[in-house]
Amino acid sequence: MTERTESAVRLVILLAIGAMAGAAAFTHVHDLSVAHGQPNWIGWANAVAVELMTIYLGLELRARRRAGRPVGLVGSLLVAFALLSLAAQVAEAESSVWGWTVAAVPSLAFLALVKVVLSNAPITPPAVEPDQPDAYRYEEPAEATEVEPVRPTVPAPAVVPAVLPPRAVQPNRPHVVGIIR
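Residues numbered from 1 in each chain as written. Predicted model: local features only at pLDDT ≥ 70, side-chain atom pairs only at ≥ 80, totals over all residues. Heavy atoms only, no water.

Asks: Just give me the short version of the overall build of the protein chain, but keep the residues and values in it.
Replies: Scanning the protein chain for helices and strands turns up 4 helices and 0 strands. Reading the protein chain from its N terminus to its C terminus gives the helix and strand order α-α-α-α. In the protein chain, which comprises 181 residues, the share counted as buried stands at 20%. Across the protein chain, the fraction of contacts at a sequence separation of at least 24, relative to all contacts at a separation of at least 6, is 49%. (Helix = DSSP H or I, 4+ residues; strand = E, 2+ residues; numbered from the N terminus. Buried < 20%, exposed > 50% of the residue type's maximum accessible area, 1.4 Å probe, protein only. Contact = heavy atoms within 4.5 Å.)

Asks: Report on the pattern of salt bridges, specifying residues and quantitative values.
Replies: Considering all chains together, one arrives at 2 salt bridges under this definition. A salt bridge links Arg-64 to Glu-60, with the shortest nitrogen-to-oxygen separation between them at 2.8 Å. Of this pair, Arg-64 and Glu-60 both sit in helix 2 (residues 40–67), separated by 4 residues, roughly a single helical turn. Classification of Arg-64 by relative accessible area gives partly exposed; the value is 22%. Taking the relative accessible area as the measure of exposure, Glu-60 reaches 18% and is therefore buried. Salt-bridge contacts for Arg-69 lead to Glu-60; the nearest nitrogen and oxygen are separated by 3.9 Å. Three or more residues joined by partner-sharing salt bridges are found here, namely Glu-60, Arg-64 and Arg-69. (Salt bridge = Lys/Arg side-chain N within 4 Å of Asp/Glu carboxyl O.)

Asks: Lay out a nonpolar patch on the surface in plain terms, naming residues and giving numbers.
Replies: A contiguous nonpolar patch, built from Val-48, Leu-52, Ile-55 and Leu-59 and spanning about 340 Å² of accessible area, is present on the exposed surface. Relative to the assigned elements, Leu-52 resides in helix 2. (Patch = residues over 30% accessible without salt bridge, like charges linked within 9 Å, V, L, I, M, F, W, Y side chains within 5 Å. Areas by Shrake-Rupley, 256 points an atom, 1.4 Å probe, with all protein chains shown as cover.)

Asks: Account for the environment of Gly-72, naming residues and giving values.
Replies: Mapped onto the elements of the fold, Gly-72 is located in helix 3 (residues 72–91). By relative accessible area, Gly-72 is classed as partly exposed at 46%. Along the primary structure Gly-72 and Leu-61 are separated by 11 residues, whereas in three dimensions their C-alpha atoms are 8.9 Å apart.

Asks: Describe the packing of helix 1 (residues 3–35) against helix 3, naming the residues involved and giving the relevant values.
Replies: Relative orientation of the contacting elements helix 1 and helix 3 amounts to 70 degrees, with a least axis distance of 8 Å. As the angle between them shows, helix 1 and helix 3 are arranged roughly perpendicular. When helix 1 is examined against helix 3, the residues Ala-25, His-28, Val-29 and Leu-32 are found in contact with a partner set consisting of Ser-85, Ala-88, Gln-89 and Ala-91. Each residue belonging to the contact of helix 1 with helix 3 can be placed in one class, and the counts come to 5 nonpolar, 3 polar and no charged. (Axes fitted to C-alpha atoms, helices over the stretch in contact; angles between N-to-C directions. Parallel < 35°, antiparallel > 145°, perpendicular 65-115°, else oblique. Nonpolar A, V, L, I, M, F, W, Y, C, P; charged D, E, K, R; others polar.)

This is the structure:
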């Protein structure tokens, strides 16, 4: 098969599993909401909110990864909504290990597909275009080096000893040597 055909087959499988998992999840969330006192339309509103939030958060996570932005909060919300959907499916199941397992299959299949699809998103941020403002550019800071501060040098004053002729020095008087500049 060519790469194009293989991609088309993968897309059809993804859509089929997504549609079936979505239908099962919508139904379970709706039925659980109605069984616990919500009107029929609110049951559908809950199903739409839970299931579409899961899909939206998956798309948002992928977009953030492509842009190199943080994904922690979005990833946590995705897991929370997926677990909420999974809990609704398990709550509607027969109280047995097989009942819970079979009820969990649509959500687990959907989560596995989301993980596979999202793992194809590049993690590195896109290259900065030259016409973008400097505020969006990131450059590594230059490595700091220790530099001895430059201190101005002051020339030492010239000291010229005063040489007095021998007869100028008198024995009982102090001898004075001057500095001539």
